[in-house]
Amino acid sequence: MDLSPIWLTLKLAGITTALLIVIGVPFAWWLSRGKSFFKIIIEAIITMPLVLPPSVLGFYLLLAFSPQHGIGKWLRDSFDVQFVFSFQGLVLASVIYSMPFMVGPVKSALQQLPASLAEASYTLGKSQWQTFKSVLLPNIKPSLLTAIVLSFAHTLGEFGVVLMIGGNIPGVTRVASIAVYDSVEKMDYASANNYSLILFSITFVLVIAVFVFNKYQAKSHLG
Amino acid sequence: MINVTIEKKLKGYHGQQVIKVDHQFTAGSVTKIYGPSGSGKTTFLKVIASLTKPEKGRIVVGGITWFDAEQKIDVPTQKRNVGFVFQQYALFPNMTVRQHLEYATTDELWIKRLLLLGKLDTLQTHKPEYLSGGQQQRLAILRALATRPKLLLMDEPFSAIDPKMKAELMAELSVLLKEMEITTIIVSHNPQELDGWATDELVFE
C-alpha cells in the first residue's frame, strides 16, 4: 500500500493548522473587539466556505491562480510561484477553506470573556498584545484547542477544493481523500478501505481527545 | 489635585440620562461616592481610568491633562497609572494569587508586603476559583495597589469581606494609602462603612 497520500495529508493538515494559528487567532481577536459594518462583511467572507460547495471555492481559486492570467500569471512571472496543481496551492486553499473552523470558536470564546478582564490588565499598564497573550488567550484554552483540532481534522477531510486546485498528482497533490476516490474509480476497494480506515481512525482519536480534554478542564474547574 | 469636569451620556433603566460631575479631589484624600443604582457611579470611575470616554469635559491630574474633549487629548489607561478594584473583581482565572501580583510588578519585597497586608501569604499558589469571595476581593485590592498607583479607584471594594477582616484591612490600607500619598475614590452602597476614613464625599442623584 502506498502511504504517501497519508503522509501528504498529515503534512498539509499540520502546515495549514500552524498557519491558521498564526493568522486566524489574531484575526478572531480583531473580529471579537467592537462592531462595525466592515467587520461584519469580513466575517461573512471568512464564513462563506462553511456554506459554499467546496467545488465552487476550488473553481474560483483555480481561476484566480491560473498561471495564464491575472494574479496567477503575476505570481509566476514575478516570484516563480505557482498555486495551481502544486502543494503550496493546496495549503492556500486549505487555509481559506478551514479558516471559519479556527476563527469562529476563538472569536466566540473571546467575546464571552468579561470585558473587565482586559480592562483590569490595561490598568496594570499592559498593552493590548500583552493582555491578549497573558490574560485572554490562556483563559480560552479549551476553545482554542477545539478550534485547532477541528481545523486539523477538517483539513484531513478536504476533497472538493483539493481536487479542483490540486488535481491528483502522486506525491504532490494526491492527499488521502483523493486516493480513496481514485482507488474506487479503479475498482481497488481494498486500497480505498485502507485509506478510509486510517483517515477514520485519526479523526476519531482527535475528536475523542478533545472531548476528554474538555471534560478534564470542566472537572478541574469544579474542583 | 485632581480636577474633573465631565459630561457622559448613560443608557439606563429609564432611558438616556447624562452624568454631570464637577469636582476637585485633593491629593491624598479619600472620597466616597454614593447614590442610587444606575446613577453612573461605576461609569464615573471608568471615565477617570479611560475605560470609557465622556462626551464633554476635562480631567486634569496634578497639572497634567488626562482628558480634554475639545483639544482631543485622551491619555490611554496604560499611561494613567490608576489602581482599579472592579466590582466583580475581574481576577484572571489562569493566574495564581502570586502571579496576579507578579503580572503587575517585579518588586519582590512589595509583593511580600502586599500579600501580608491582604493576609493571602498562605494562599500564594491558589487560583481565584479556589478562593472565597472575601479572599478574591482582597486579591483584587492588592493587585490594584501592585503598580504603586497615585490614584486608586475602588468599586464596592469591601462588599464580600466579613466585618472583622474589613476593619483590619481598612485600618492597614489607611496607613498604606497615607504613606504612599495615594488619592482614593471609593464607590459604596453602604457609605457609613467609610465613616471616619473618607475625608470627602460625592453624591450621585
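Residues numbered from 1 in each chain as written. Chains lettered and ligands numbered in written order. Predicted model: local features only at pLDDT ≥ 70, side-chain atom pairs only at ≥ 80, totals over all residues. Heavy atoms only, no water.

Participant: I'm lost on the packing of helix α4 (residues 108-117) of chain B against helix α6 (residues 163-179) of chain B in this one. Help?
Facilitator: Working note: a packed helix pair is described by the angle between its axes plus the distance between those axes. Residues and elements named next belong to chain B. Axis separation between α4 and α6 bottoms out at 10 Å; the angle between their running directions is 150°. Here α6 runs roughly antiparallel to α4, going by the angle between their axes. Counting all contacts with α4, which are made through Trp110, Arg113 and Leu117, the residues of α6 involved are Leu169, Glu172, Leu173, Leu176 and Glu179. (Axes fitted to C-alpha atoms, helices over the stretch in contact; angles between N-to-C directions. Helix = DSSP H or I, 4+ residues; strand = E, 2+ residues; numbered from the N terminus. Parallel < 35°, antiparallel > 145°, perpendicular 65-115°, else oblique. Contact = heavy atoms within 4.5 Å.)

Participant: Got a minute to help me understand the packing of helix α1 (residues 4-32) of chain A against helix α8 (residues 141-156) of chain A in this structure?
Facilitator: All names here are of chain A. The geometry of α1 relative to α8 is characterised by a closest axis approach of 8 Å and an angle of 140° between their N-to-C directions. In terms of axis orientation, α1 runs oblique to α8. Between α1 and α8 lies a crossing of right-handed hand. Across the interface between the two elements, Thr9, Leu10, Leu12, Ala13, Gly14, Thr16, Thr17, Leu20, Ile21 and Val25 of α1 pack against Leu144, Ile148, Ser151, Phe152, Thr155 and Leu156 of α8. Split by residue class, the contact of α1 with α8 holds ten nonpolar, six polar and no charged. (Left-handed = near helix turned anticlockwise from the far one by under 90°. Nonpolar A, V, L, I, M, F, W, Y, C, P; charged D, E, K, R; others polar.)

Participant: Whenever I open this one, the UniProt feature "transmembrane region" (unreviewed entry) in chain A confuses me. Can you help?
Facilitator: All names here are of chain A. Those places that UniProt annotates as "transmembrane region" (unreviewed entry) correspond, in this numbering, to residues 6-29, 41-63, 83-103 and 195-213. The span residues 41-63 is 91% helical and 0% strand by assignment, and the distance between its end C-alpha atoms comes to 23 Å. Helix makes up 100% of residues 195-213 and strand 0%. Its end C-alpha atoms lie 27 Å apart. (UniProt positions renumbered as here; feature names shortened; annotations may be inferred.)

Participant: Just checking my understanding: could you explain the packing of aromatic side chains for this structure?
Facilitator: Between two aromatic rings, the relevant description is the distance of the centres plus the angle of the planes. On inspection of all chains with the given rule, the structure shows 15 aromatic pairs over all chains. Seen from their ring centres, Trp30 of chain A and Phe38 of chain A are 6.2 Å apart, and the 75° between their planes marks the pair as edge-to-face. Taking relative accessible area as the criterion, Trp30 of chain A reaches 30% and is therefore assigned partly exposed. Overall, the relative accessible area of 53% leaves Phe38 of chain A in the exposed class. An angle of 50° between the planes, with centres 6.1 Å apart, marks the rings of Phe158 of chain B and Trp197 of chain B as tilted. One end of the pair, Phe158 of chain B, is in the loop between β8 (151-155) and α6; the other, Trp197 of chain B, is in the loop between β9 (183-187) and β10 (200-203), and 39 residues separate them in sequence. (Phe/Tyr/Trp six-rings, centres within 6.5 Å; stacked < 30°, edge-to-face > 60°. Buried < 20%, exposed > 50% of the residue type's maximum accessible area, 1.4 Å probe, protein only.)

Participant: What am I meant to see in the environment of Thr9 of chain A here?
Facilitator: Residues and elements named next belong to chain A. Tracing the backbone shows Thr9 in helix α1. Using a relative accessible area of 3% as the deciding quantity, one classes Thr9 as buried. Distance from Thr9 to Glu158, taken between C-alpha atoms, is 9.3 Å for residues 149 residues apart in sequence. In this structure Thr9 touches Leu156, Val175, Ala176 and Leu199, once residues within four positions along its chain are discounted.

Participant: How should the sheet that holds β10 of chain B be read in this particular structure?
Facilitator: Strand pairing in a sheet is mediated by backbone hydrogen bonds. Such pairs are either parallel or antiparallel. All names here are of chain B. Sheet architecture is open: five strands sit in the order β7-β8-β9-β3-β10, paired in parallel fashion. Two strands close off the open sheet at either side, each with one partner strand: β7 (82-85) and β10. Sheet twist, expressed as the mean angle between neighbouring strand axes with direction ignored, is 15°. Bridging between β7 and β8 involves four bridges; their strand directions are parallel. Among the inter-strand pairings, Val82 is bridged to a residue of β8, identified as Leu151. (Pairing = 2+ DSSP bridges.)

Participant: Any chance you could explain the interface of chain B and chain A here in plain terms?
Facilitator: Reports of interface size often rely on the accessible area that becomes lost once the parts have come together. Opposite the 19 residues of chain B that make contact, chain A presents 21 residues. Carbon and sulfur atoms make up 61% of the area that chain B and chain A hide from each other, which totals about 1700 Å². The interface formed by chain B and chain A includes one salt bridge. Put simply, Glu119 of chain A and Lys46 of chain B hold a salt bridge, and the shortest N to O gap is 3.2 Å. Counting across the chain B and chain A interface gives six residue pairs in polar contact (both at pLDDT 80 or more). Secondary-structure elements contributing two or more residues to the side of chain B that touches chain A are α2 (77-80), β7 and α3 (97-104) of chain B. Per-class residue counts for the side of chain B that touches chain A are twelve nonpolar, four polar and three charged. (Buried area = accessible area lost by both parts, 1.4 Å probe. Salt bridge = Lys/Arg side-chain N within 4 Å of Asp/Glu carboxyl O. Polar contact = N/O pair within 3.5 Å; in protein donor to acceptor, adjacent residues only side chain to side chain.)

Participant: Honestly, the UniProt feature "domain: ABC transmembrane type-1" (unreviewed entry) in chain A in this entry has me stumped. Any pointers?
Facilitator: Under the feature "domain: ABC transmembrane type-1" (unreviewed entry), the UniProt entry names residues 6-210 of chain A. For the annotated span residues 6-210 of chain A, helix accounts for 79% and strand for 0% of the residues, and the straight-line distance between the end C-alpha atoms is 22 Å.

Participant: Sorry if this is basic, but what is going on with the side chain of Ser177 of chain A here?
Facilitator: Residues and elements named next belong to chain A. Among the secondary structure elements, Ser177 is positioned in helix α10 (residues 176-185). Residue class for Ser177 comes out buried when judged on its relative accessible area of 11%. Excluding anything up to four places from it in sequence, Ser177 contacts Glu158, Phe159 and Leu199.

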